[in-house]
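Here is what each chain is made of, one letter per residue.
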Amino acid sequence: QVQLVESGGGLVQAGGSLRLSCAVSGRTFSRAAMGWFRQAPGKEREFAAAIIWSAGSTDYSDSVKGRFTISRDKAKNTVYLQMNSLKPEDTAVYYCAAKGPNLKGLRNPGSYDYWGQGTQITVSS
């Protein structure tokens, strides 16, 4: 089946940068978009960024816009999240997700079909 594996998480000081990767493997499927979501302890899963797989167009939440950049490498079947100017409020488990074929609900985690295991991001003051 389809598997999504995140990497690149860890501990970073406020103002620093990290780059997350999400490698997709397994059977092929009609993928419409890839997204990054995050979840802090005691809070609901929150949309961060998404990218339309074919065209490369992007969407961001207001909380990360201007600081985070989502991109994808079609040849490597990998999506990235470049995170700059990190804040302690960014501390969360970050999840990669795949959505298809319907493009509706790009910011809704319930509309995604496959999920990675998550990777912890901790931003210290």
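Heads up: the structure comes first, above all this text.
Residues numbered from 1 in each chain as written. Predicted model: local features only at pLDDT ≥ 70, side-chain atom pairs only at ≥ 80, totals over all residues. Heavy atoms only, no water.

Things to note about the packing of aromatic side chains
Part 1: Tallied over the full model, the rule gives 5 aromatic pairs.
Part 2: On the numbers, 5.2 Å between centres and 55° between planes, the contact of Phe37 with Trp115 is tilted. In this pair, Phe37 is assigned in strand β4 (residues 33-39) and Trp115 in strand β10 (residues 114-115), connecting sequence segments 78 residues apart.
Part 3: The buried category is assigned to Phe37, whose relative accessible area is 0%. (Phe/Tyr/Trp six-rings, centres within 6.5 Å; stacked < 30°, edge-to-face > 60°. Helix = DSSP H or I, 4+ residues; strand = E, 2+ residues; numbered from the N terminus. Buried < 20%, exposed > 50% of the residue type's maximum accessible area, 1.4 Å probe, protein only.)

Observations concerning the state of the cysteines
Part 1: This model, assessed by the stated rule, comprises 1 disulfide.
Part 2: A sulfur-sulfur distance of 2.1 Å marks the disulfide that ties Cys22 to Cys96. Its S-S torsion of approximately -85° makes the covalent link between Cys22 and Cys96 left-handed. One end of the pair, Cys22, is in strand β3 (residues 18-25); the other, Cys96, is in strand β9 (residues 92-99), with 74 residues separating them in the sequence.
Part 3: Take Cys22: its relative accessible area is 0%, and that puts it in the buried class.
Part 4: Looking at Cys96, the relative accessible area reads 0%, which means it is buried. (Disulfide = S-S within 2.5 Å.)

As for the pattern of salt bridges
Part 1: All told, the structure shown has 4 salt bridges when counted by the stated rule.
Part 2: Taking the shortest distance from any N to any O, the salt bridge between Arg38 and Glu46 comes out at 2.9 Å.
Part 3: For Asp90, the salt bridge identified is with Arg38, shortest N-O distance 2.8 Å. On the criterion of sequence distance, the pair formed by Asp90 in the loop between β8 (78-83) and β9 and Arg38 in strand β4 is long-range, its members being 52 residues apart.
Part 4: A relative accessible area of 7% places Arg38 in the buried class.
Part 5: Within the structure, one salt-bridge network assembled from shared partners comprises Arg38, Glu46, Arg67 and Asp90. (Salt bridge = Lys/Arg side-chain N within 4 Å of Asp/Glu carboxyl O.)

None of the figures reported here should be taken as evidence of function without further support.
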